[in-house]
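Here is what each chain is made of, one letter per residue.
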Amino acid sequence: MRTLIVEDDFTGRLLLQELLRNYGECIVAEDGVQAMKVFEENMGKKQLFDVICLDIMMPGMDGQQVLKKIRSIEDTNPPGSKTRTKIIMTTALTDKSNVFMAFREQCDAYLPKPIFKEKLEAILAEFGFSRT
Amino acid sequence: MVILQETVVKCSMSQNEVLDVEGFLRRIGGDLEIAEAVVDGFVQDIPHRFAMLKAASQAGDATLMRQHAHAIHGAAVNIGAKQLATTVRAVEEHAKASEVGVAVGLLPEVELRLERLQQAIQEWRAK
C-alpha cells in the first residue's frame, strides 16, 4: 500500500507514519499545496497512491480543496485508466458541515482525531489493504 | 484573571487529564514504542508551534491564531493531553469568532498547561 499523509501538525504526521509503517511506503506532505505537488508529480510518473490521509484545516490550501482538486483530476483520466485513490479525512473537525462537504466531494472515510489504530485499520481492511 | 485561571487549573487538574498515557496507548494498540516516538515528537515540535501562536496573537491575526491553535489542539488530542486540548480549543473557537482579545487572554493558561504537560511527559519518560 502506498500512502500520502497530508498533515500540517508534526505530531499528527508522526503518529500516522508510525501506525502505517507496516502497510508499505508513506510519503508526507505538510500542507495542501505540497500535497497537490506530490500527488501530481507522482501521477506524472505513474506512481499512484492507494490511500491519502488528509487533514482539513491547513494553511494555504485546506483539505477540502485538496479533496475536490484530486477528484477533479481523477475525473479527467480515461475511463478504466486507474483506480480512484482512497481518501480518508483525518481531522479534529467534526462539525456536520465539514463531514457533509467531505462526503459530497467524495472522500471515502472520515476519521476524527484522536486517531484510533483499530478504526484506521478497520477502514484500511474495508478498502482491502493489510499489513505487508 | 490569570491568577484565578491558574488556581482553577491547579485545583482541577488530575494527572490523567494532563496526559492520559493509558488512553493514548489503548488507541494505538498498546504499542509503547509508537507512544514514545510520537510524544517525543510532540515535545520537540510544540514549543515552536506555541511560539507561532504567540506571534500571531501579537500581530492580532485571528486566522493564523486559529490555524496554530487548531494544530496544537489536534496534536494534544492525539497524545491524550486533555487539559491542553480543552484550553487551546477555546483559543481556536474565539479566534474563529474574531474575538482576538478573548483568545489572547487565554494564552497564559495555554502556556501553563503546556508546562504542566511537559513536566508530566518528563515524569512518564523517566519511569
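Residues numbered from 1 in each chain as written. Chains lettered and ligands numbered in written order. Predicted model: local features only at pLDDT ≥ 70, side-chain atom pairs only at ≥ 80, totals over all residues. Heavy atoms only, no water.

Engineer: Help me understand helix α8 (residues 107-126) of chain B, please; the structure alone is not making it clear to me.
Structural biologist: Spacing of three or four residues puts side chains on the same side of an α-helix, whose turn is 3.6 residues. Over its 20 residues, α8 of chain B runs 28 Å from end to end, which matches the ideal 28 Å to within 8%, given 1.5 Å per residue. Turning to α8 of chain B, its buried residues are L107, E109, V110, L112, R113, L114, L117, A120, I121 and W124 of chain B. (Helix = DSSP H or I, 4+ residues; strand = E, 2+ residues; numbered from the N terminus. Expected span 1.5 Å × (residues − 1). Buried < 20%, exposed > 50% of the residue type's maximum accessible area, 1.4 Å probe, protein only.)

Engineer: Explain the packing of helix α5 (residues 62-79) of chain B against helix α6 (residues 82-96) of chain B to me, please; I cannot follow it from the model alone.
Structural biologist: In a packed pair of helices, the relevant descriptors are the angle between the two axes and the axis-to-axis distance. All names here are of chain B. Contact geometry for α5 and α6: axes closest at 8 Å, N-to-C directions at 155°. With respect to α6, the element α5 is oriented roughly antiparallel. With respect to the hand of their crossing, α5 and α6 are arranged in left-handed fashion. Within the contact between the two elements, α5 uses A62, M65, R66, A69, H70, I72, H73, A76 and V77 and α6 uses L84, A85, V88, R89, V91, E92, A95 and K96. (Axes fitted to C-alpha atoms, helices over the stretch in contact; angles between N-to-C directions. Parallel < 35°, antiparallel > 145°, perpendicular 65-115°, else oblique. Left-handed = near helix turned anticlockwise from the far one by under 90°. Contact = heavy atoms within 4.5 Å.)

Engineer: So what exactly am I meant to see when it comes to the sheet that holds strand β3 (residues 51-54) of chain A here?
Structural biologist: Remark on secondary structure: sheet strands pair via backbone hydrogen bonds, oriented parallel or antiparallel. All names here are of chain A. Pairing is parallel in the open sheet, where five strands are placed in the order β2-β1-β3-β4-β5. A strand with exactly one partner marks an edge of an open sheet, and here the two such strands are β2 (26-29) and β5 (109-112). Ignoring which end each strand starts from, the neighbouring axes of this sheet average 20° apart. Bridging between strand β1 (residues 3-6) and β3 involves four bridges; their strand directions are parallel. Looking across to β3, one finds that L4 is bridged to I52. With respect to the sheet, helix α2 (residues 32-44) is in contact with β1, β2 and β3, its orientation differing from that of β2 by roughly 140°. (Pairing = 2+ DSSP bridges.)

Engineer: What am I meant to see in the interface of chain B and chain A here?
Structural biologist: Accessible area lost on assembly of the parts is the figure often given for the size of an interface. The partner chain A presents 21 residues to the 25 residues of chain B that form the contact. For chain B, the biggest contributors to the area lost against chain A are R27, H70 and N78 of chain B; these three give 30% of the whole. Where chain B meets chain A, there are two salt bridges. E33 of chain B is the partner of R21 of chain A in a salt bridge, and the nearest nitrogen-oxygen pair spans 3.8 Å. (Buried area = accessible area lost by both parts, 1.4 Å probe. Salt bridge = Lys/Arg side-chain N within 4 Å of Asp/Glu carboxyl O.)

Engineer: How do you make sense of the pairing of β1 of chain A when you look at a structure like this?
Structural biologist: Taken residue by residue, a regular strand's side chains alternate between the two faces of the sheet. All names here are of chain A. Alternating residues of β1 divide into T3 and I5 and L4 and V6, and every residue in both groups is buried. Direction of pairing for β1 relative to β2: parallel, over a ladder of four bridges. The residue of β2 that forms the bridge with V6 is A29. As for the winding sense of the linkage, the β-α-β connection from β1 through helix α1 (residues 10-20) to β2 is right-handed. (Right-handed = clockwise from strand over helix to strand, strands pointing away.)

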